[in-house]
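# Observations on the model geometry
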Amino acid sequence: MLAPRRLFIRTYVVSVVPPVVYDKKPVPRRYGERKTHLYNQYTRMLAQSNSAPLIFLQHKDFSARKLQDLRREIELASARFAPTLASPSPSPVPAEPPALTVMRTSIFGVALRDFAPIDAEKTTQIAELVEGGFAVLALPSLSPPQLNAILRAIDRVVPPKKDQTKGAETKPSKGKGREEDSGWVPGRPVPRIRPVLSPELRVMGAFIEGRVFSAAGARDVAKLPPLDTLRAQIVGLLSTPAMQLAAVLSEASGGRLARTLEGFKKGLEEQAPPS
């Protein structure tokens, strides 16, 4: 009796499990030139993640032309909200555009496992976000309006697919034969119809300033106001008590200050226990 045939399917999963050590194999493993280049590239990407957020994307059925269109739209969307660096010259220095990289999940898993600043828990959380084809969008800096514009551009270039199972009606078969269904002519080969690829792109999560966000969390970060506005709000909250104290002292200037201190003294004497 023949053994059942195994079906091997290639899966795109990031594995952070330590590799199996085999006899007569060099440890650590030696990679070729191409894999070494990718490993160093992914390691630099993780090292810059504290200041450059990483957006994790899942892609499917993308052609080279569609990928070029996506990169162009992302660059145009980011340029409208990109922060500029102060420069003494009349024209400001533009910031670097976001970089969209299609990842090799096996090499990224090795770089993620070996990158020391990220602990095991965050490493596992990032690995669990990866499903299917994997791409990473690296932003030059954290700017919520810029991130929001980029996510809108992604949804515009690759709109999410609608669920076609709802309300779909199956047409009954009319019982036609092969000749009537496909226009087949006896003696001629059936023409091949090239399938039309429908690209898909989905936000899986993000890694921002050492924190792992889900897809919903990444979109919530994109809805925040600019960082300058947030800093101004924090400064306002911290300076409010000092402003109130300054207002009290300004009202108690001159003779009012003496009466205020006298009243404060009497209040302390009344609260003091009798000797």
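These numbers come from a predicted model, not from an experiment.

## Quick look at the overall build of the chain
- When helices and strands are counted, the chain shows nine helices and five strands.
- Tracing the chain from N to C terminus, the helices and strands come up as α-β-α-β-α-α-β-α-α-β-β-α-α-α.
- Across the 275 residues of the chain, 25% fall into the buried class.
- Relative to all contacts within the chain whose residues are 6 or more apart in sequence, the contacts with residues 24 or more apart total 85%.
- Looking at the chain as shown, the accessible area adds up to about 20700 Å², and 57% of this sits on carbon and sulfur atoms.

## Quick notes on the nonpolar core
- In terms of nonpolar packing, the biggest core is built from 25 residues, with I55, L57, L70, L100 and L137 touching the most fellow members.
- Broken down by secondary-structure element, the contributors of at least two residues to this core are β1 (54-60), α2 (64-81), β3 (133-138), α5 (144-157), β4 (200-208) and α7 (215-222).
- Apart from residues lying up to four places away in sequence, L137 is in contact with P53, L54, I55, L57, I74, P98, A99, L100 and I150.
- Membership of the second largest hydrophobic core comes to 23 residues, among which are M45, L112, I118 and F207.

## Digging into the pairing of β4
- Counting buried residues in β4 gives seven out of nine residues, a clear majority hidden from the surface.
- In this sheet, β4 lies alongside β1 in antiparallel orientation, the contact comprising seven bridges. Following the sheet pairing, K60 is matched in β4 by E200.
- Here β4 pairs with strand β5 (residues 211-214) via four bridges, running antiparallel. Directly across from G205, in β5, lies its bridge partner S214.
- Where β4 hands over to β5, the hairpin turn is made up of two residues, of which E209 adopts a positive phi near 50°.

## Comments concerning a positive patch on the surface
- Taken together, the side chains of K25, R29, R34, K35 and R104 define a basic patch exposed on the protein surface.
- Along the chain, the position of R104 falls in the loop between β2 (99-102) and α3 (105-114).
- The class for R104 is partly exposed, based on a relative accessible area of 34%.

## Let's talk about the layout of surface pockets
- Of the voids in this model, the largest pocket is the one considered here, and its volume is about 600 Å³.
- The wall of the largest pocket is formed by 22 residues, among which P19, R29, Y31, V110 and R113 lie closest to the centre.
- With six residues, the single largest contributor to the lining of the largest pocket is α3.
- For the lining of the largest pocket, the per-class residue count stands at 13 nonpolar, four polar and five charged.

## Quick word on the environment of N50
- Tracing the sequence through the fold places N50 in the loop between α1 (33-47) and β1.
- Distance from N50 to I208, taken between C-alpha atoms, is 6.6 Å for residues 158 residues apart in sequence.
- Beyond its immediate chain neighbours, meaning those up to four positions away, N50 contacts E209 and G210.

## Some words on the packing of α5 against α7
- Viewed as axis vectors pointing N to C, α5 and α7 meet at an angle of 125°, and their least axial separation amounts to 7 Å. When the axis of α5 is compared with that of α7, the two are oblique. On the side of α5, the interface is formed by P144, L147, N148, L151 and D155, while α7 contributes A218, R219, V221 and A222.
- Looking at the contact of α5 with α7 residue by residue, the class counts come to six nonpolar, one polar and two charged.

## Some thoughts on the packing of aromatic side chains
- Throughout the structure, instances matching the rule amount to three aromatic pairs.
- Note on Y42 and F108: the rings are 6.0 Å apart at their centroids and 75° apart in plane angle, and the pair reads as edge-to-face. With Y42 in helix α1 and F108 in helix α3, the pair connects residues that are 66 residues apart, well separated along the chain.
- Judged by its relative accessible area of 1%, F108 falls in the buried class.
- Ring plane angle 55° and centroid distance 5.4 Å describe the contact between F108 and F134, whose orientation is recorded as tilted.

## Details of the environment of L46
- Turning to its location among the elements, L46 is positioned in helix α1.
- What makes L46 buried here is its relative accessible area of 2%.
- Sequence spacing of L46 and F207 is 161 residues, and the spatial spacing of their C-alpha atoms is 9.2 Å.
- When residues no more than four places from it in sequence are discounted, the contact partners of L46 are L54, F108, A111, L112, F115 and I118.

## With respect to α5
- Across its 14 residues, α5 extends 20 Å between first and last C-alpha, which sits within 8% of the 20 Å expected from 1.5 Å per residue.
- Every buried residue of α5 is listed here: P144, Q146, L147, A149, I150, L151, A153, I154 and V157.

Calculation criteria
- Residues numbered from 1 in each chain as written.
- Predicted model: local features only at pLDDT ≥ 70, side-chain atom pairs only at ≥ 80, totals over all residues.
- Heavy atoms only, no water.
- Helix = DSSP H or I, 4+ residues; strand = E, 2+ residues; numbered from the N terminus.
- Buried < 20%, exposed > 50% of the residue type's maximum accessible area, 1.4 Å probe, protein only.
- Contact = heavy atoms within 4.5 Å.
- Areas by Shrake-Rupley, 256 points an atom, 1.4 Å probe, with all protein chains shown as cover.
- Core = buried A, V, L, I, M, F, W, Y, C linked by side-chain atoms within 4.5 Å.
- Pairing = 2+ DSSP bridges.
- Patch = residues over 30% accessible without salt bridge, like charges linked within 9 Å, V, L, I, M, F, W, Y side chains within 5 Å.
- Salt bridge = Lys/Arg side-chain N within 4 Å of Asp/Glu carboxyl O.
- Lys, Arg positive; Asp, Glu negative; His and termini not counted.
- Charge placed at Lys NZ, Arg CZ, Asp CG, Glu CD.
- 1 Å grid on protein atoms, 1.4 Å probe; cavity = no way out; pocket = protein on both sides within 12 Å on 5 of 7 lines; lining within 4 Å.
- Points joined across faces, edges and corners; volume = space filled by probe spheres on them.
- Nonpolar A, V, L, I, M, F, W, Y, C, P; charged D, E, K, R; others polar.
- Axes fitted to C-alpha atoms, helices over the stretch in contact; angles between N-to-C directions.
- Parallel < 35°, antiparallel > 145°, perpendicular 65-115°, else oblique.
- Phe/Tyr/Trp six-rings, centres within 6.5 Å; stacked < 30°, edge-to-face > 60°.
- Expected span 1.5 Å × (residues − 1).

Shape descriptors only; they carry no functional weight alone.
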